[in-house]
Amino acid sequence: MPHRPPFSRILLKLSGEAFSDPSVKGGIDPTIVRQVAREVGQQASEGTQVGIVVGGGNIFRGNSPSATGMDRASADHMGMLATTINALALQDALEKANVETRVQTAIEMKEVAEPYIRRRALRHLEKGRVVIFAAGLGVPYFTTDTSAAQRALEIGAEAILKGTQVDGVYDKDPKHHADAVRYDEIDFLSVLNQGLQVMDSTAISLCMDNGLPIVVFELLREGNIGRVVRGEHVGTLVRPADLPA
Ligand code: UDP
């Protein structure tokens, strides 16, 4: 049974890793991108408005070992360009699945994509187009998790859907601890206090201060995006703390 009404406008956060085969480090796996595109297309065709923020970690991160010795701002610019590569791969897959899309970049590259313009993004969403937000926030020292929180707030999304390789938030890393316990729900402050790996602290704080829930779920389980949109119990809901009685 659904436990809450379906979402009508969502912000899907796809990390760079979501684009690559988990058994291969990095790169873009076309089969995976097609699967994500199919599921996003299904939701869009059923009337859900979908914005997507893409990461770039499968290609380059500003704080990764390959950036050692580099100026951080330059390395971060490389990271933001990496997100644009993923955005174009996803746009292509969505269009092959007959889903109308627009890519908007936070760093202008007019020959490749539209610049990010909030009102235009809203108009696209209202017309049923999937909007892919690339190049993060366009400034160094930020992550695409924070970009996801920022864009979600700007477009008035009801929630961030954070697709990951595991099926929710655990009290410890389930890959290394057999006794790890998954939370059905958890509040923002507990995530911060316990240092749980949901999104970075800037992103969590932004969501917490603005009451924007996050659903962390397993991206590649067939049909999962739809389940989250419909309000079924999937993954972990990160939400504001209960108000005192
Ligand atoms: N980045 C940035 N500013 C932003 C968003 C991203 O400088 O607003 C850079 C940063 O170097 C980051 C890289 O882009 O490491 C890729 O983004 P991220 O690490 O968030 O990707 P993900 O972990 O989601 O794959």
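The sections below set out a description of the structure shown in this document. Counting from 1, residues in each chain are numbered in the order their sequence is written. Per-residue local features are limited, in this predicted model, to residues with pLDDT of at least 70; the limit for side-chain atom pairs, both in listing and counting, is 80 or more; totals at the level of whole chains, interfaces and linings are taken over all residues. Side-chain figures throughout are based on the complete set of non-hydrogen atoms in the structure, without hydrogens or water.

For the rest of this paragraph, the subject is helix H1 (residues 30-45). Secondary structure elements follow DSSP: runs of H or I of four or more residues count as helices, runs of E of two or more count as strands, with numbering from the N terminus. One fewer than the residue count of a helix, multiplied by 1.5 Å, yields its expected span. With 16 residues, H1 should reach 22 Å at 1.5 Å per residue; the first-to-last C-alpha distance of 22 Å fits that figure. Burial status follows relative accessibility: with a 1.4 Å probe on protein chains alone, a residue under 20% of its type maximum counts as buried, one over 50% as exposed, and anything between as partly exposed. Buried within H1 we find Ile32, Val33, Gln35, Val36, Ala37, Glu39, Val40, Gly41, Gln43 and Ala44. Any two residues whose heavy atoms approach within 4.5 Å at even a single point are treated as in contact. Packing partners of the buried residues in H1 comprise strand E1 (9-14), strand E2 (49-54), helix H2 (72-96), strand E5 (130-134) and helix H7 (224-230). Two or three places before Thr31, at the opening of H1, Asp29 has a side-chain oxygen 2.8 Å from that residue's backbone nitrogen. Just past H1, the residue Gly47 takes up positive phi, approximately 100°. Any pair of nitrogen or oxygen atoms within 3.5 Å is treated as a polar contact; in protein, a donor-acceptor pairing is required on top of that, and neighbouring residues in sequence qualify only through side-chain atoms on both sides.

Now for the nonpolar core. Formed by 35 residues in total, the largest nonpolar core has its most connected members in Leu14, Val40, Ile52, Leu90 and Leu161. Taken together, the elements giving at least two residues each to this core come down to E1, H1, E2, H2, E5, strand E6 (159-164), strand E10 (214-218) and H7. Beyond its immediate sequence surroundings of up to four residues, Val40 is in contact with Leu12, Val50, Ile52, Leu94, Val130 and Ile225. To form a nonpolar core, buried Ala, Val, Leu, Ile, Met, Phe, Trp, Tyr and Cys residues must be joined to one another through side-chain atoms within 4.5 Å. Membership of the second largest hydrophobic core comes to 28 residues, among which are Leu11, Val198, Met199 and Val216.

Read across the sheet, 9 strands follow the order E4-E3-E5-E2-E1-E6-E10-E11-E9 without closing on themselves; strand pairing throughout is mixed. Each edge of the open sheet is held by one strand with a lone partner, namely strand E4 (114-115) and strand E9 (185-187). Any two strands are treated as partners once DSSP identifies two or more bridges connecting them. Taken together, the 5 bridges between strand E3 (residues 101-105) and E5 define a ladder with parallel strand orientation. Of the residues in E5, the one forming a bridge with Val103 is Ile132.

Okay, the site of the ligand next. The near set for a molecule or strand comprises every residue that places at least one heavy atom within 4 Å of it. Around the ligand, a shell composed of 21 residues is seen, among which Gly16, Arg61, Asp76, Val139 and Thr144 lie nearest. Between the ligand and the protein, one listed contact pairs an oxygen atom with a backbone N or O atom of Gly79 at 3.5 Å. When isolated, the ligand has an accessible area of 520 Å², and the protein chains bury 94% of it. Secondary-structure elements contributing two or more residues to the shell around the ligand are H2 and helix H4 (144-155). Top element by residues in the shell around the ligand is H2. It accounts for 3 residues. Each residue gets one label: Ala, Val, Leu, Ile, Met, Phe, Trp, Tyr, Cys and Pro are nonpolar, Asp, Glu, Lys and Arg are charged, and the others, such as Gly, are polar. A class-by-class count of the residues in the shell around the ligand yields 7 nonpolar, 11 polar and 3 charged. Note on areas: Shrake-Rupley, 1.4 Å probe, and residue coverage restricted to the protein chains presented here.

This part is about the pairing of E1. Counting buried positions along E1 yields 6 of 6 residues, so the element is predominantly enclosed. Of the two faces of E1, the one lined by Arg9, Leu11 and Lys13 and the one lined by Ile10, Leu12 and Leu14 are each fully buried. Note that E1 and E2 share 6 bridges and pair parallel. From the neighbouring strand, Leu11 faces E2, where its bridge partner is Gly51. Whether a crossover is right-handed depends on one test, that the path from the first strand over the helix to the second runs clockwise when the strands point away from the viewer. In this fold, E1 hands off to H1, which returns the chain to E2; that crossover is right-handed. One ladder, built from 5 bridges, connects E1 with E6; its direction is parallel. Opposite Lys13, over in E6, you have Lys162 as the bridge partner.

Right, let's talk about the environment of Val215 for a bit. Take Val215: it is sitting in strand E10. Excluding residues that lie within four positions of it along the chain, Val215 makes contacts with Phe7, Ile160, Leu161, Lys162, Val228, Val234, Thr236 and Leu237.

In this section: the environment of Leu14. Among the structural elements, Leu14 can be located in strand E1. In this structure the C-alpha to C-alpha distance between Leu14 and Thr202, which are 188 residues apart in sequence, comes to 17 Å. Filtering out sequence-adjacent residues up to four positions away, Leu14 remains in contact with Phe19, Val36, Ile52, Val53, Val54, Gly55, Leu90 and Leu219.

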